[in-house]
Amino acid sequence: MVKKKHREYFRGLSLIVKNPLTVFGLVIIVVLVLSAMLAPFIAPYPEQGRGLSNLQERLKAPSIRHPLGTDNLGRDLMSRIVYGARVSIKAAIIVVLIVMGFGVPLGLIAGYFGGKIDELIMRFADMILAFPSLLLAIAIVASTGPSLLNALIAISIPWWPWYTRLVRGQVISLKEMQFVESAKAVGASSSRIMFRHILPNCLSPIIVQGTLDMGYIILCLASLGFLGLGTQPPTADWGVMVNDGREFFLTQWWISTFSGAAIFITVLAFNLVGDGLREAMDPKIRWRFQRT
Amino acid sequence: MLRYILKRLIWLLVVLFGLCVITFTLSRVVPGDPAAAYIGPRARPEQVELVRQQLGLDRPLYVQFGFYLRDLAHGNFGESLRTHRPVLRGIVDHLPASLELMFSAIIIALFLGIPIGVVSARRENTVVDHLSRLFSVANVSMPSFWLAMIFQIVFFRWLGLFPIGGRIDTVTALLHPIEKITGFSIVDAVISGNWVALRNVLLHLVLPSVTLAAYSTGLIARMTRSTMLEVLREDYITTARSIGVSESEIHFIHALRNAIGPTLTTAGLCFASMLTGTFFIELIFFWPGLGTYTINAIFLNDYPVIMAVTLLMALFYVAVNLCVDLLLAIADPRIRISK
C-alpha cells in the first residue's frame, strides 16, 4: 500500500517534470523564494531596498552600478524589487493561510454534518461568491483605511468560500468510505474523524488550489498597492512601485516597466505551476496528457 | 422553466439584501464622524449635531439600516461628500464611457479568444498548442495597469500610432463636437454623421479596449480549449469524421456549437468583472468613465460615492450572472432539470 502510494506520487511528479512550462514556472518560483529569503545578501544596496532614499542618484537609467536603474528617490531598483518579492510572497502566504484557516474547517463541518448546518454555511458562501472579489476588497480597504494588514484581510474576506466549496465536495464523497465507518465504529469523535481521517485525504486539491491562488493574490495585492490601498511607503511593494514610476514613465521607463515585469513573471510562474499540478492530479486530464 | 426563474429571482433578492448589509456595514466602520465629514472641516459642534439628526445618525443602527433601505428603494444612493451632488447622477453621467470600453473589450476578447482556443484544441500538444496556452496564461497573469503603460510606451511614444489617452482630442472635440444623445460617443457620432469625430473616437478606443480585453481573452481561450477537448472525444464527432465531414467543419461547427456554453458563461463573468478592471485602465488612459469617478472618490475618501458604486457594480455583476444562467437554461434543457 505504502509502495503504491509512493509510485503514485512519483508518477505525478514525473508528469509535472515532463511539462516544460511547469518546469519553467517551478524554476522561477524557486529563484524568487530564494532571493526573497536571501534579500539582504542578494540586493546590491540592502538599505535602499528597505527604503533609505539616495537623492543624489534620482532616476538614473540602468547601468553597471544600478542594473535596473534607480527610482524617483534614487533607490536602486533591483534592491527594491528583491525586497518587494519578500513582501509579496510573505503577504500571499499569509492570505492563503487565513483563507484556508477559515474555509477548510467550514467545508469540513458543512460536508460532514450536512443538513441545516450545511445549508446555512453554503448559502452564506454562495452569497459572498456572488460579489466581484476585487471590488469588495477595494471597498473594504477604502472604508477601513489603507494599510497592508487591512489589504490582507480585505482580500481574504471574499476568498475563503472557494476552499469551503472545495473541501465540502471532497468530504461528501470521503465520508461514505470504509475507513470513516470503521473510525466511527471504534468510537472516534466527530472532530477526530474530520481532522485526523478525512482532512489528510483532501490535502492535495487544497494544495493545488493554494498554489493557483498565490499568483492571483499577488496580483490583487499589487493592484491594491497600485491604487495606494495596500502596502504603505517606504516598504517596497511592486504595485506601489509601478504607480511611483507612472509620473515619469514616458521618459524614465524603467521604474514601472521592471516593477510590473516582476509582478507579471511571478504571477505567471504560479499559474503555470498550478496548471501543471492540476493536470498531474486530475486523472481525466492526466489521461489526455499521457496519450502523447 | 418558470420555477427555475422564480427560484433564481428569490435568490437574487437574498443576495441583494446581503449586498445592502455589507455596504451599510462598510459605510459605518469608516473612521471618523460621517456627520463631520458631511458638513466640512470648519463646522461648530452644534452644526455637526444638527446634521447628525438630519441624517438620522443619532438613531439606533437597525433604524438607520431601515432608512438606508428606504432611500435605496427610492433610488436615492446618497450624495457626494465633496460636491454634494447625488451620487446616482454622477454614476449615470460616467457610465456610458465605461460601457463603451467594456463592450469593445468583450467583442475583442470573444473574437480573439474563441479561435485561439479552437485552434489550440485542434493541434493539441503541438508547438501551436503550447504557444497559445502560454499566450492565454500570460494574458491572465498580467497586471492590466502595467500592460496599459507598456502599450502607451510602444504605441504612443515609439510608434506614434495611437493617442496616449482620453476619449477624443481636444481640437477635434472643439472643431467637430459630438452631439450628446445617448452618451456613447461612437453611437452619437454615427447618429449625427460626424465622421471626423468618429475616426478620432475609434483611435482613442483601441489601446484601452485591447488592454481591458487581455485578461478575458486569455480566460476565454483557455475555457474554449478545455471544453473543445472534451467535446471532441464524444461519439458524434467520430461519426462525423467517419462519414467524411471535413476537419474544419467538425471543429468550428459541430464541436464548437456544443462547447460554446461554458465559454459564454466565462465571457459573461468576464464582462461583469470588467467594471472593476476599468478602474485601472481608465486611470492610466485618462478615460472619463465610472472607474475614474470611483478612483477619485477613493483618493478623496468620498465614502458615499464609494459605497454607492460598490453596491451598483455588485448589482450589475449579479444581474449579468443571472442573465447568463437564464440564457444557458433556455439553450440547454439539462441545466433546467438538474437544478
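The structure presented is a predicted model; accordingly, all values stated were derived computationally and were not measured.

Cut-offs and rules
- The residue count restarts for each chain, going from 1 along the sequence in the order it is written.
- All chains are assigned letters beginning at A, and all ligands numbers beginning at 1, according to the order in which they are written.
- Totals for whole chains, interfaces and linings use every residue, but because this is a predicted model, local features are given only for residues with pLDDT of at least 70 and side-chain atom pairs only at 80 or more, for both listing and counting.
- A helix here means a DSSP run of H or I that spans at least four residues, while a strand means a run of E at least two residues long, and both kinds are numbered starting from the N terminus.
- The exposure scheme places C-beta atoms from the backbone and then counts, for each residue, the other C-beta atoms within 10 Å of its own, assigning buried at 20 or more, exposed at 12 or fewer, and partly exposed in between.
- Each residue gets a C-beta atom placed from its backbone, and two residues are in contact if those atoms lie within 7 Å.
- Axes here refer to lines fitted to C-alpha atoms; in helices the fit is confined to the stretch in contact. Angles between the N-to-C directions go from 0 to 180 degrees.
- The crossing is said to be left-handed when, going from far helix to near helix, the turn is anticlockwise and less than a right angle, and right-handed when the turn is clockwise.
- Polar here means any residue outside two lists: the nonpolar Ala, Val, Leu, Ile, Met, Phe, Trp, Tyr, Cys and Pro, and the charged Asp, Glu, Lys and Arg; Gly therefore counts as polar.
- pLDDT measures the predictor's confidence residue by residue and takes values from 0 up to 100.
- Note on terminology: a nonpolar core is a set of buried residues of type Ala, Val, Leu, Ile, Met, Phe, Trp, Tyr or Cys, with members joined through C-beta atoms within 7 Å.
- Should an angle fall under 35 degrees it is taken as roughly parallel, and over 145 as roughly antiparallel, whereas 65 to 115 is taken as roughly perpendicular and any remaining angle as oblique.

## Brief notes about the overall build of chain B
- When you go through chain B residue by residue, the secondary structure sums to 15 helices and zero strands.
- Within chain B, the proportion of its 339 residues that are buried is 37%.
- Intrachain contacts of chain B at a sequence separation of at least 6 include 70% that bridge at least 24 residues.

## A look at the packing of helix α5 (residues 87–122) of chain B against helix α6 (residues 127–141) of chain B
All names here are of chain B.
- Contact pair α5 / α6: the axes reach a minimum separation of 8 Å and the direction vectors enclose 145°. Along this stretch, α5 crosses α6, giving a crossing that reads as left-handed. Facing α5, whose interface residues are I116, V119 and S120, α6 presents V128, D129, S132, R133, F135 and S136.

## Section: the interface of chain A and chain B
- Counting residues at the interface gives 35 residues for chain A, matched by 37 residues for chain B.
- The set of elements that each furnish at least two residues to the side of chain A that touches chain B consists of α7 (133–144), α12 (203–226) and α14 (254–281) of chain A.
- Tallying contributions element by element places α14 of chain A first for the side of chain A that touches chain B, with ten residues.
- Taken together, the residues of the side of chain A that touches chain B sort by class into 23 nonpolar, ten polar and two charged.

## Digging into the confidence of the model for chain B
- With 96% of its residues at a pLDDT of 70 or more, chain B shows a mean pLDDT of 85.
- Overall fold confidence (pTM) sits at 0.88, and the ipTM for the predicted complex is 0.86.

## Notes on the nonpolar core
- Residues A137, I155, I217 and L221 of chain A are the most contacted members of the largest nonpolar core, which totals 149 residues.
- A total of 19 residues in this core trace back to one element, the largest contributor, which is helix α5 (residues 77–113) of chain A.
- In contact with A137 of chain A, other than residues within four places in its own chain, are A154, I155, P158, C220 and L224 of chain A.
- Counting seven residues, the second largest nonpolar core, distinct from the first, contains I168, L198, V201 and L205 of chain B.

## Re the environment of G117 of chain B
Residue and element names in this part refer to chain B.
- Looking at the element boundaries, G117 is found in helix α5.
- Between the alpha carbons of G117 and R222 there is a distance of 6.1 Å; along the sequence they are 105 residues apart.
- Other than its neighbours up to four places away in sequence, G117 contacts I220, A221, R222, M223, T224, R225 and M228.

## Considering unusual backbone geometry
- In this structure, the amide linkage connecting P233 of chain A to the following residue, P234 of chain A, adopts the cis form with an omega of 10°.
- A positive phi angle, close to 60°, is found at N125 of chain B, a residue other than glycine.
- You can call N125 of chain B partly exposed: it has 13 C-beta atoms within 10 Å.
- Within the chain, F286 of chain B stands out as a residue other than glycine whose phi angle is a positive 50°.
- Along the chain, F286 of chain B turns up in the loop between α12 (247–284) and α13 (290–299).
- F286 of chain B gets classed as partly exposed once you count the C-beta atoms within 10 Å, which come to 14.

## Considering the packing of α12 of chain A against α14 of chain A
All names here are of chain A.
- It is the contact of α12 with α14, at a shortest axis distance of 9 Å, that shows an interaxial angle of 165°. The pairing of α12 with α14 is recorded here as roughly antiparallel in orientation. Both α12 and α14 take part in a crossing whose hand is left-handed. The residues of α14 that touch α12, namely those facing S204, V208, T211, L212, M214, G215, I218, L219 and A222, are I263, T266, V267, F270, N271, V273, G274, L277, R278 and M281.
- Of the residues belonging to the contact of α12 with α14, the class tally is twelve nonpolar, six polar and one charged.

## Comments concerning the environment of F145 of chain B
- Along the chain, F145 of chain B falls in helix α7 (residues 144–158).
- Each C-alpha atom, one on F145 of chain B and one on I281 of chain B, is 6.1 Å from the other, the two residues being 136 residues apart in sequence.
- With near-sequence residues (within four places) excluded, F145 of chain B lies in contact with F226 and V242 of chain A together with F280 and I284 of chain B.

## Brief notes about the confidence of the model for chain A
Residues and elements named next belong to chain A.
- Scored by pLDDT, chain A has a mean of 84; 91% of the residues are at 70 or more.
- Of all secondary-structure elements in chain A, the lowest mean pLDDT belongs to helix α15 (residues 283–290), at 43, while α5 reaches the highest, 92.
- Overall, residues 285–292 carries pLDDT values under 50, and its contacts beyond four positions in sequence, including any with other chains, amount to eight contacts.

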